[in-house]
Amino acid sequence: MKIKKPTTLVLMTATALFCALCTSCIVRQYPADERTVSVRGTGSVSVEADRAIIVLSVITTARDAGTAASQNAEKMAQVQNAVIGAGGSQDAISTENYTIYQEYEYVKERRVAGDYRVSNEIKIFLKNKDLASTIIDAAIAAGANALSSLTFTVSSPELAIKQARTAAVQNAQESANLIAGTAGAQLGKVLKIEEIDRQNAGNLRVTSNADMMSAMRESGRGSATPVQSGKVTFTVTVDATFALK
């Protein structure tokens, strides 16, 4: 019996299958991952404060809400006039918070209604920080009886922030250089850099309560309130990734 020779179609199919099998067996080599080092850098710059923000209140109490509110309005008007007379300006004064509520106390486990309490809180923005002490003394003398905060700031923080940002990048590069050198490598180009945080600290904040303010006013010691502004520190933090050679 004679064996038939494969037809051309069979040979072509076998050849294609063989090629496909050979192709699937090729081992592809990929380049090794690029070596990198990631660091965090921080830069800080301190500048002298030149502006101040004062937040203070007038608090009054009475048996009825109308009387408490009326007394508060009268005292607050006196306070604002005193602030303006001491060097502040009308457009630099703004209402921060105003509340009216009735106080309660418990007598023999019974809830008893008390006086109405009215609080009018204002914010005073001063372009001249040196006026802070004078403004506080004038407000206390006129009837302010609560000081929430005294904050010192700077009028132009842009330059300080720019300097802090530059210092943060330099700090990151120095850290990456140290790590690379210790590991026996050389620092390459920067691959990624991102600013992750920016803040300012060092603002002087003073808090007080109504009793302390009243005591200062009645004793006369409020006429020479010592205030030190100090410096404001701007801090910038960056994350950076560098290639290693």
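Residues numbered from 1 in each chain as written. Predicted model: local features only at pLDDT ≥ 70, side-chain atom pairs only at ≥ 80, totals over all residues. Heavy atoms only, no water.

Re the overall build of the protein chain
So, step 1. When helices and strands are counted, the protein chain shows 5 helices and 7 strands.
So, step 2. In the protein chain, the succession of α and β elements from N to C terminus is α-β-β-α-β-β-α-β-α-β-α-β.
So, step 3. Counting every position in the protein chain, which comprises 245 residues, the buried fraction comes to 32%.
So, step 4. A separation threshold of at least 6 residues defines the contact pool for the protein chain, and within that pool the share at least 24 residues apart is 85%.
So, step 5. When the accessible surface of the protein chain is totalled, it reaches about 15,800 Å², and 53% of it is carbon and sulfur. (Helix = DSSP H or I, 4+ residues; strand = E, 2+ residues; numbered from the N terminus. Buried < 20%, exposed > 50% of the residue type's maximum accessible area, 1.4 Å probe, protein only. Contact = heavy atoms within 4.5 Å. Areas by Shrake-Rupley, 256 points an atom, 1.4 Å probe, with all protein chains shown as cover.)

Details of the pattern of salt bridges
So, step 1. One pass over the full model with this rule turns up 6 salt bridges.
So, step 2. Linking Asp239 and Arg40 is a salt bridge whose minimum nitrogen-to-oxygen distance equals 2.8 Å. In this pair, Asp239 sits in strand S7 (residues 231-244) while Arg40 sits in strand S1 (residues 36-48), placing the two residues 199 residues apart along the sequence.
So, step 3. Residue classification places Arg40 among the exposed positions, given a relative accessible area of 52%.
So, step 4. Across the pair Glu103 and Arg117 runs a salt bridge, and its minimum N-O distance is 3.5 Å. Note that Glu103 is positioned in strand S3 (residues 93-107) and Arg117 in strand S4 (residues 110-126), a separation of 14 residues in sequence.
So, step 5. Judged by its relative accessible area of 28%, Glu103 falls in the partly exposed class. (Salt bridge = Lys/Arg side-chain N within 4 Å of Asp/Glu carboxyl O.)

Quick notes on the pairing of strand S2 (residues 51-62)
So, step 1. Extensive coverage of S2 is indicated by the burial of 9 of its 12 residues.
So, step 2. As paired elements, S2 and strand S5 (residues 146-153) share 7 bridges and run antiparallel to each other. By the bridge assignment, Val55 is partnered in S5 with Ser149.
So, step 3. Direction of pairing for S2 relative to S4: antiparallel, over a ladder of 11 bridges. Directly across from Ala52, in S4, lies its bridge partner Leu126. (Pairing = 2+ DSSP bridges.)

Brief notes about the side chain of Thr237
So, step 1. Looking at where Thr237 falls in the secondary structure, it is placed in strand S7.
So, step 2. Looking at Thr237, the relative accessible area reads 11%, which means it is buried.
So, step 3. Setting aside residues no more than four positions away along its own chain, Thr237 makes contact with Arg40, Gly41, Thr42, Glu194, Glu195, Ile196 and Asp197.

Quick word on unusual backbone geometry
So, step 1. Positive phi is not limited to glycine here, since Lys108 has a value of about 50°.
So, step 2. Within the fold, Lys108 resides in the loop between S3 and S4.
So, step 3. Judged by relative accessible area, which is 80%, Lys108 ranks as exposed.
So, step 4. The residue Glu109 is not glycine, and still its phi comes out positive at about 65°.
So, step 5. In this fold, Glu109 is placed in the loop between S3 and S4.
So, step 6. Look at Glu109 and you get exposed, because its relative accessible area is 78%.

Quick look at a nonpolar patch on the surface
So, step 1. A surface patch of nonpolar side chains, about 220 Å² in accessible area, is lined by Val169, Val190 and Ile193.
So, step 2. Tracing the backbone shows Ile193 in strand S6 (residues 187-201). (Patch = residues over 30% accessible without salt bridge, like charges linked within 9 Å, V, L, I, M, F, W, Y side chains within 5 Å.)

Observations concerning the nonpolar core
So, step 1. In this structure, Ile54, Leu56, Val79 and Ile124 are the most contacted members of the largest nonpolar core, which totals 43 residues.
So, step 2. Taken together, the elements giving at least two residues each to this core come down to S1, S2, helix H2 (65-85), S4, helix H3 (132-142), S5, helix H4 (158-182) and S7.
So, step 3. With residues near it in sequence (within four places) discarded, Ile124 still touches Ala52, Ile53, Ile54, Leu56, Val83, Ala92, Ile93 and Ile135. (Core = buried A, V, L, I, M, F, W, Y, C linked by side-chain atoms within 4.5 Å.)

A few points about the sheet that holds S5
So, step 1. In space, the 4 strands of this open sheet follow the order S3-S4-S2-S5, with antiparallel pairing throughout. Edge positions in the open sheet fall to S3 and S5, since each of these has one partner strand only. Direction aside, neighbouring strands of the sheet carry axes that sit 15° apart on average.
So, step 2. Contacting S2, S3 and S4, H2 crosses the sheet at an angle of about 150° to S2. (Axes fitted to C-alpha atoms, helices over the stretch in contact; angles between N-to-C directions.)

Focus: the environment of Tyr98
So, step 1. Relative to the assigned elements, Tyr98 resides in strand S3.
So, step 2. Overall, the relative accessible area of 41% leaves Tyr98 in the partly exposed class.
So, step 3. Along the backbone, Tyr98 and Ser119 are 21 residues apart, and their C-alpha atoms lie at a distance of 5.6 Å.
So, step 4. Beyond its immediate sequence surroundings of up to four residues, Tyr98 is in contact with Ala69, Asn72, Val118, Ser119 and Asn120.

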